[in-house]
Amino acid sequence: MKLLVYGAGVCGSLFAVRMHEAGHEVSLLARGERLAALRRHGVRLAEEDSPVVRRVPVPVVEHPEGEYDLIAVLVRAHQVDAVLESLAGVRGDVLFLLNWAGGPEPLGAVIGRERVLLGFPMTGGTMDGDVIRHRRSGFLTRRVPIPIGEPDGRGTPRLTRTVETLRTAGMNAGAEPRMDAWLRTHAAFEVPLGQAVHAAGGPVALADDPDAIRAMLRLMRRNLAAMDTPPVPRGFAALRTAPQGLLVAVFRRFLKSPTAVYSGLDDSSPASTAELERLAEQLRASTRARVA
């Protein structure tokens, strides 16, 4: 498969490495200092706090060109508009693997709705200079699949082909018929969590503030209640029905775990803040449209 991976941050780099090592013809798109670092050293990876750094020489490009079998977009939500403009004249199906609560319509309006696939990467990590420190594979990460779906929920040959391609590269992927609702549910959860972590000064600091966790849970419940579809996956409904004391205890344990530390939650950069703001606006727009 000839593949363009658009976005050389944590998720895009990890995705590109897996596909490159599976034998696919991969180009990883990067800009600026990140492009220069990738050209010098390739993608540099380490598991969590391990001193062992692995170097993978994935081919890099600065601009998309020509035609691809698949274009995988792994950028932040507020960067999507610029990506769409640069892909309008590039041929190939486009798999958006990212945080997104705006629905498929604005994506398809620019590049053609017949090109759009939706998904979420289910990977995490942090940047340590130009080294990506990613979560170790565990029981949960192996069990939870990367969801991928058609915007209208159909099962199609290209969806099957895309899922199988990721599986042959060692990634646990699965077809999700309610991908748009899945992304909105995740945003309803992610925005209050991310904002609470940033306000507290990090996941561990938030874990030590039960009152802030309770306020975060109220926002999550409000977001989920405003959705016009049931939560996807269904397990997120527990955020509305489980006793608050139990949820506070679960979140306190999670926030102190390596999974939280190496999930990117501790990233308080301007880019992370801008993404949360874009997702929050998308959720508000969805609520306004429902009320109207």
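First, a word on what this report is: a plain description of the structure on this page. Just so it is clear, the structure is predicted and the values come from calculations on it, not from any experiment.

This brings us to the sheet that holds strand 6 (residues 67-73). Read from one edge of the open sheet, 8 strands run 5-2-1-6-7-8-11-12, paired in mixed fashion. Only two strands of the sheet have a single partner each, and these edge strands are strand 5 (60-61) and strand 12 (173-175). Bridge count between strand 1 (residues 2-6) and strand 2 (residues 25-29): 5 bridges; the pairing is parallel. By the bridge assignment for strand 2, L4 is matched with S27. Here helix 3 (residues 80-87) sits on the sheet in contact with strand 1, strand 6 and strand 7 (91-97), set at roughly 145° to strand 1. Strands strand 6, strand 7, strand 8 (116-119), strand 11 (146-149) and strand 12 of the sheet are contacted by helix 6 (residues 157-168), whose axis makes an angle of about 165° with strand 12.

This part takes up the pattern of salt bridges. Under the counting rule described, the total for this entry stands at 16 salt bridges. In this structure, the salt-bridge partner of E67 is R91, at a minimum N-O distance of 3.8 Å. With E67 in strand 6 and R91 in strand 7, the pair connects residues that are 24 residues apart, well separated along the chain. Taking relative accessible area as the criterion, E67 reaches 45% and is therefore assigned partly exposed. Exposure remark for R91: the relative accessible area of 53% places this residue in the exposed category. A cluster of three or more residues bridged by salt bridges with shared partners is formed by R76, D267 and E275.

Our next topic: the environment of R44. With respect to the helices and strands, R44 occurs in strand 3 (residues 43-47). With 73 residues separating them in the primary sequence, R44 and L117 have C-alpha atoms 29 Å apart.

For the rest of this paragraph, the subject is the pairing of strand 9 (residues 125-128). Each regular strand shows side chains that alternate between the opposite faces of the sheet. The sheet contact formed by strand 9 and strand 10 (residues 131-134) spans 4 bridges and is antiparallel. Its bridge partner lying in strand 10, D128 is registered against V131. Connecting strand 9 to the antiparallel partner strand 10 that follows it, the hairpin turn spans 2 residues, and G129 within it adopts a positive phi of roughly 70°.

What follows deals with the environment of L118. Relative to the assigned elements, L118 resides in strand 8. Classification of L118 as buried rests on a relative accessible area of 2%. Between the alpha carbons of L118 and D209 there is a distance of 35 Å; along the sequence they are 91 residues apart. Among residues more than four places away in sequence, those in contact with L118 are L95, F96, P104, L107, P147, I148, G149, P151, M179, D180 and L183.

Considering all chains together, one arrives at 3 aromatic pairs under this definition. Three or more aromatic residues joined by ring pairs make a cluster, and in this case those are F189, F236 and F251. Lying across the ring of Y68, K2 places its NZ or CZ 5.2 Å from the centre.

Turning our attention to the sheet that holds strand 9. Consider a sheet: its strands pair through backbone hydrogen bonds, and that pairing is either parallel or antiparallel. Spatially, 4 strands are ordered 4-3-10-9 in an open sheet, and the strand pairing comes out mixed. Each of the sheet's edge strands pairs with one partner strand only, and the pair in question is strand 4 (54-56) and strand 9. The average undirected angle you get between the axes of adjacent strands in this sheet is 30°. Against the sheet, helix 1 (residues 10-21) makes contact with strand 3, strand 4, strand 9 and strand 10, and its axis sits at roughly 70° relative to strand 4, the strand it touches most.

Looking now at helix 1. In a regular helix each residue adds 1.5 Å, so 12 residues correspond to 16 Å; helix 1 covers 17 Å between its end C-alpha atoms and thus fits that length. Regarding helix 1, the residues found buried are V10, G12, S13, L14, F15, A16, V17 and M19. Looking one or two residues past helix 1, G23 carries a phi angle of roughly 100°, positive in sign.

Per the stated rule, a full pass over the model turns up 1 cavity of 30 Å³ or more. There is about 50 Å³ of room inside the largest cavity. Lining the largest cavity are M1, D69, L70, D93, L117, R158, R161 and T162. Only strand 6 and helix 6 provide two or more residues apiece to the lining of the largest cavity. At 3 residues, helix 6 tops the list of elements feeding residues into the lining of the largest cavity. In the lining of the largest cavity, the residues fall into 3 nonpolar, 1 polar and 4 charged.

Thresholds, definitions, all that
- Along each chain, residues carry numbers from 1 onward, in the same order as the chain's sequence is written.
- Local features in this predicted model are restricted to residues whose pLDDT is 70 or higher, and side-chain atom pairs enter the listing and the counts only when it is 80 or higher, whereas totals over whole chains, interfaces and linings include all residues.
- Computation of side-chain values covers all heavy atoms of the structure but excludes hydrogens and water.
- DSSP bridges decide pairing: two strands pair if at least two such bridges lie between them.
- Each helix is a run of DSSP H or I of at least 4 residues and each strand a run of E of at least 2, with the numbering of both proceeding from the N terminus.
- Contacts are assigned to residue pairs that have any heavy atoms within 4.5 Å of one another.
- Angles here are taken between N-to-C directions and fall from 0 to 180 degrees, while the axes themselves are lines fitted to C-alpha atoms, restricted in helices to the stretch in contact.
- The term salt bridge refers to a side-chain nitrogen of Lys or Arg lying within 4 Å of a carboxyl oxygen of Asp or Glu.
- Partly exposed residues are those whose accessible area sits between 20% and 50% of the maximum for their type, while under 20% is buried and over 50% is exposed, using a 1.4 Å probe and protein chains only.
- A pair of aromatic rings is counted whenever rings of Phe, Tyr or Trp (Trp by its six-membered ring) have centres within 6.5 Å, and the orientation is called stacked for planes under 30 degrees apart, edge-to-face for over 60 and tilted otherwise.
- Geometrically, a charge over a ring is one whose NZ (Lys) or CZ (Arg) sits within 6 Å of the ring centre while staying within 35 degrees of the ring normal.
- Expected span of a helix, by definition, is 1.5 Å for each gap between consecutive residues, and there is one gap fewer than residues.
- Any residue with an atom within 4 Å of a point lines the site, the site being either a cavity, points on a 1 Å grid over the protein atoms alone where a 1.4 Å probe fits but cannot get out, or a pocket, an open set with protein on both sides within 12 Å along at least 5 of 7 lines.
- Grid points are joined across faces, edges and corners, and a volume is the space filled by probe spheres set on the points.
- Amino acid classes used here: Ala, Val, Leu, Ile, Met, Phe, Trp, Tyr, Cys and Pro are nonpolar; Asp, Glu, Lys and Arg are charged; the rest, including Gly, are polar.

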